[in-house]
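# Summary of the model geometry
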Protein chains: 4
Amino acid sequence: MDVAIIGATGYGGVELIRLLQGHPQVRLAYLSSESFAGQRLCDVYPHLAGIGTKLQALDPAMVADQCQLALLALPAGRSLALAPVLLEAGLRVVDVSPDFRLRDPALYPAWYGFEHTRPDLLQEAAFGLPEWYGEAIAGARLVAAPGCYSTAALLALAPLVAERLVDPDDIIGDGISGLSGAGRTALRLPYHFPEADEDVSAYSVGGHRHLPEIIQGLAEVGKATARVTFIPHLVPMSRGILMTLYARPAEGVEVGALRTCLEAAYAGARFVQVLPEGVWPHTKWTTGTNHCFLGVGADRSTGRAVIVAAIDNLGKGMAGQMVQCLNLMLGLDETTALTTAAAYP
Amino acid sequence: MDVAIIGATGYGGVELIRLLQGHPQVRLAYLSSESFAGQRLCDVYPHLAGIGTKLQALDPAMVADQCQLALLALPAGRSLALAPVLLEAGLRVVDVSPDFRLRDPALYPAWYGFEHTRPDLLQEAAFGLPEWYGEAIAGARLVAAPGCYSTAALLALAPLVAERLVDPDDIIGDGISGLSGAGRTALRLPYHFPEADEDVSAYSVGGHRHLPEIIQGLAEVGKATARVTFIPHLVPMSRGILMTLYARPAEGVEVGALRTCLEAAYAGARFVQVLPEGVWPHTKWTTGTNHCFLGVGADRSTGRAVIVAAIDNLGKGMAGQMVQCLNLMLGLDETTALTTAAAYP
Amino acid sequence: MDVAIIGATGYGGVELIRLLQGHPQVRLAYLSSESFAGQRLCDVYPHLAGIGTKLQALDPAMVADQCQLALLALPAGRSLALAPVLLEAGLRVVDVSPDFRLRDPALYPAWYGFEHTRPDLLQEAAFGLPEWYGEAIAGARLVAAPGCYSTAALLALAPLVAERLVDPDDIIGDGISGLSGAGRTALRLPYHFPEADEDVSAYSVGGHRHLPEIIQGLAEVGKATARVTFIPHLVPMSRGILMTLYARPAEGVEVGALRTCLEAAYAGARFVQVLPEGVWPHTKWTTGTNHCFLGVGADRSTGRAVIVAAIDNLGKGMAGQMVQCLNLMLGLDETTALTTAAAYP
Amino acid sequence: MDVAIIGATGYGGVELIRLLQGHPQVRLAYLSSESFAGQRLCDVYPHLAGIGTKLQALDPAMVADQCQLALLALPAGRSLALAPVLLEAGLRVVDVSPDFRLRDPALYPAWYGFEHTRPDLLQEAAFGLPEWYGEAIAGARLVAAPGCYSTAALLALAPLVAERLVDPDDIIGDGISGLSGAGRTALRLPYHFPEADEDVSAYSVGGHRHLPEIIQGLAEVGKATARVTFIPHLVPMSRGILMTLYARPAEGVEVGALRTCLEAAYAGARFVQVLPEGVWPHTKWTTGTNHCFLGVGADRSTGRAVIVAAIDNLGKGMAGQMVQCLNLMLGLDETTALTTAAAYP
């Protein structure tokens, strides 16, 4: 299978390359990069010493000519025009931008500042969260991989909401993220080392863009209208997202039932581990992997349920999940090229 | 004024020394240290090159003999026996342990595992949060300085609860802390650099010990029974606490009213700054200082109020606050020895 | 091939497990741990969710019974007694401790504080630096893998000394290391997060234990008596070693000749990359891998040669190198299970 | 004394403000900023909540009109034109750029890429290292404060070279720096958090710009032509420089003599501490201060002397030293406004 990575030199792109290097069914046939077109990958990233592939300016016709599947790792708003071209040329597409994540086109102007011109593809796109949309992904032409925070929040909450074990109208998601989520191109002051080091802050307090995905996912999987407050924070590390989710258990529901529900939901899941009672996840456990660890408990003073999810924002939150989707699309074991454990510490 | 620091070589103690070195009314007459008794301070901490004072094993009689005021920076359970001895000898005491923070002696067995033998002192002790208990502190024999998380939470919430602008029964406090809060003596695995670095995790999910102080403070200041879920997290930095507080505004209350309330509450406060709309605090702004920065806003999708408080856990969360209390007790300007801004970055 | 890891829960051990999980010819048949005997690996390290293997107290007879090869990841002084037992039982052994690295038994009392009781094995042991001792390793019963600093220093210097391109009597090695080299068990103050964070310091200035290995390696490979000053430093990161080596070029030798020499020496080496002119290595490029990157240049004001080597202290500096040795011993491609690139960033 | 800070919003400028806020003889009368002219300082840096001073675009006439002394914290090449204007208007100037550090104008094209148009001022300027040029500074119109690496290197080496205790022709300086030295404006990839975090690298290997200052300083103070190899490294922290200096003791000179020499040289120095035998400095000891700690020893295998110097690059390496110079120029105790110890940890 000849695969293209569009946006190969961003952090998501280079993580895709790392993972797919070890994939037995994938050949990296086309690597596009705006910033480094014409250079060899190993000159841009000397640690990829073995990969002399030349980076190309994006030419959709060439992609279509040379590949059967394209992985798009572009900023918001760029896939909207590109994906249709590739689809029409017969390629299958996994897109990690938000451009095809939201079913409702009306959300785009409000959250992303552009009109959506392809509502048909919003309907068609499979939401790239394999634990919940595996079948749709397997057969999809277009997969819209969810955002990193959304992945963590939905894995933690979807089963509980679906089973009506928590009140979907009273959910708080407190996210803590490393800084690689900012990407590599945007050299902005908040990510300047001396500013970000030894600092914690909240951001996007008015409303983070991953919120509508979370609400949509809970609606689809949990069949519930959800009301969620979500505040993300930046902390001085590179990779990792910890989502602490606060929810009110439904009348009479004990924390044991929450755990049982999550364990059942992910009994067959290869990348989601529900931790034993009293064990809480660390982002370090996920670095470089496609794993999600879930801790479940309750605050003893209010009875509020607390679910904590840890993922690598570039792994299960991005490139790992894209590879997992690709595996399903190709009919492969979903763990192909995703088996290595986190390098610890 | 001759002052003793009991527990002078822990992180709280050494921060007290740093601050009080520049205090015009204070002479550090007695520095106790269990681990380093007999050594000179500058041999234990070479960066304090100028201070050749010998560290002493704790001898309450000598403390009483040589000092008029004692600052206790000991672990939980140690001040309970010591403070009464010093008080009886006529000293005034500022204690930063939890031993005299809670009015209700019944809380001690549950939260700290010991019976409280001096309920009279629990009643007498002033709660060392100067913005709310300034008068009591000024006249107190015994001041019980609050915990770091409690300081941040109470500064953010107390005015809003007191004015009934938020529902006191539906509060979530999500805390993010650096690792100096763990102290210097406890060399445990979670604080081992390779474990803590590049990691985020939640802890004390079942109930953190600062919770009863927060509830007590809201009850006293806010005259309300509060129900609070509080989950702390550790992140890879040394100093700083960010508390993100989620509360439901009372019927008809807009975010502007919350801001107005906080601004009014802290109009005369020298160490609490309410930030302008859209500005959110960074812990880096507080490093080494006694400042607290408050950001106020609302999640646009649910209307829930979000207040974010940043302090230095060793500053306003510990040593800075103790010095502020001491200043009040001595009838000095409360900013004495606390005027230096954070070293940025 | 049934393999034992002795010391499986230290940082070296757990990295061996991570690498060998993906090794097609190796079955992890025996995992010993002093601290966690009786527990399952996945309970000690929840991120290794898939590995339920029970950790065992060390029983050499059982190791001998169940395995054909043992990887020893023990602190200094412990392999000296164990390795001979395993060898006599017919196992092959890769030891990463210093116990069999030095040919001269007289060095042990001075550098390690114990008398060496098996000088015969010091003679027999292959020095586990595959780029220089590959043939010996392939046929060895006992391999003594070098220290992390030694690996970096020898890869950088050995070819230049062997070719007499630099003066072996005037070498300085300035090492900068992350903190995982301290191991996991030793919870000492210098590795306590608040102490190590935002700090740099030199240590072992009087003489670091890796120095005699470096000198021995230069003598064996370079056939030269070398005089080396080596000072290591600790910096706030987990993994990675950067060695900056200062050497005086021999009369008439230009920096181009140094580069040519290194390129020739490592032309066939799969894990050593000599970087182009003006490119200097980053430790980040090596994280989790068995790679070594070498930069070569000269200080323009003195003409002194500067060679900079970057490795992961737990990769090429420890577990990766042990796996590379194991591959050679089993007659496999030396890159088996070592092909994944660094997770970047 | 009305003082101007030119370049008030860079890291050096904001550190000057922090220090001078507590200075009894200084009024910050004029703060210039290119990036933030027209804004209030407290809006740019909310942690400086008390300082509502408006930032101004640079107008030398206004500076001259309002101030008696100017502190220039500008990038290389900018003071060359500004300082003469201010001097002619009768101000005294402390400049922290390299524009007036080097006596020999011929060095500027080679090292800084511009012709020097005021060789007269190069001769006139006092080199702003108070421990060695205190008298000149006290009487100077123009002080050129040295670079951060130079400060550390010269404090460590100057006495030894002056006393001929080490060979001035065989010196290596290995520098390790935090990232605040990069400044705040230059948002370049190497300082992007995900790149710099968990990484160490060497830079400016061909020749760092501080080298000619070091050589000039050794020539002036040590009266010796020196040959120095100097390689700096970046490590993941914000503040702090550690310089490890390798030098060959002169014939018959023992390490004890080196220590004695340094102790004697700095016996009266308020900011330089020579540490006892076996104690090596940590950059953490200097954070936010004007202190320099020196460790002295010898590598036991080669006899080479090793001197390690720790400073805060923004303290003794920049703003602290400028304030120390200002104090001398004003005839004040040189420790004025510089007495606070490092916030530890």
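Residues numbered from 1 in each chain as written. Chains lettered and ligands numbered in written order. Predicted model: local features only at pLDDT ≥ 70, side-chain atom pairs only at ≥ 80, totals over all residues.

### Focus: the nonpolar core
Counting residues in each nonpolar core, the largest one holds 505 residues, and the members touching the most others are Leu294(A), Leu294(B), Leu294(C) and Leu294(D). Those residues within four positions of Leu294(C) in sequence are excluded, and the remaining contacts are Leu155(C), Ala156(C), Leu262(C), Val272(C), Gln273(C), Val274(C), Leu275(C), Pro281(C), Ile307(C) and Ala309(C). (Core = buried A, V, L, I, M, F, W, Y, C linked by C-beta atoms within 7 Å. Buried ≥ 20, exposed ≤ 12 C-beta atoms within 10 Å, placed from the backbone. Contact = placed C-beta atoms within 7 Å.)

### Considerations on the relation of the copies chain A and chain B
With an RMSD of 0.0 Å, chain A superimposes on chain B once it is rotated by 180° and translated 0.0 Å along the axis. On this basis, the relationship between the two copies can be described by a two-fold rotation axis. (Least-squares fit on C-alpha atoms with pLDDT ≥ 70 in both.)

### Observations concerning the interface of chain B and chain C
When the parts come together, some accessible area is lost, and that loss is often what is quoted as the size of the interface. Chain B puts 15 residues into the contact, and the matching count from chain C is 15 residues. The element contributing the most residues to the side of chain B that touches chain C is helix α9 (residues 193–196) of chain B, with three residues. A per-class count over the side of chain B that touches chain C returns nine nonpolar, three polar and three charged. (Helix = DSSP H or I, 4+ residues; strand = E, 2+ residues; numbered from the N terminus. Nonpolar A, V, L, I, M, F, W, Y, C, P; charged D, E, K, R; others polar.)

### A look at the interface of chain A and chain B
At the interface, 42 residues of chain A touch 42 residues of chain B. Elements supplying a minimum of two residues to the side of chain A that touches chain B: β7 (166–177), α9 (193–196), β8 (201–202), β9 (228–234), β10 (241–249) and β13 (305–311) of chain A. Grouping the constituent residues of the side of chain A that touches chain B by class yields 19 nonpolar, 14 polar and nine charged.

### Some points on the environment of Leu326(B)
Residues and elements named next belong to chain B. Within the secondary structure, Leu326 is located in helix α12 (residues 315–329). Overall, Leu326 belongs to the buried group, with 28 C-beta atoms counted inside 10 Å. Along the chain, Leu326 and Phe230 lie 96 residues apart, while their C-alpha atoms are 29 Å from each other. Among all residues touching Leu326, those that are not within four sequence positions of it are Leu69 and Val94.

### What to know about the confidence of the model for chain A
A residue-level look at chain A finds 100% of positions with pLDDT of 70 or above and a mean pLDDT of 97. Note on the complex model: pTM 0.97, ipTM 0.96. (pLDDT = per-residue confidence, 0-100.)

### So, the domain arrangement of chain A
Residue and element names in this part refer to chain A. According to the domain assignment, chain A contains domain 1 (2–145 + 317–329) and domain 2 (149–313). Placing a centre on the C-alpha atoms of domain 1 and another on those of domain 2 gives a separation of 24 Å. Between domain 1 and domain 2, the contact holds 19 residues from the first and 24 residues from the second. For the side of domain 1 that touches domain 2, the secondary structure elements donating two or more residues are α5 (107–112), α7 (130–139) and α12 (315–329). In terms of residue count, the dominant contributor to the side of domain 1 that touches domain 2 is α12 (five residues). Across the side of domain 1 that touches domain 2, the residue classes break down as ten nonpolar, six polar and three charged. (Domains from an automatic or database assignment.)

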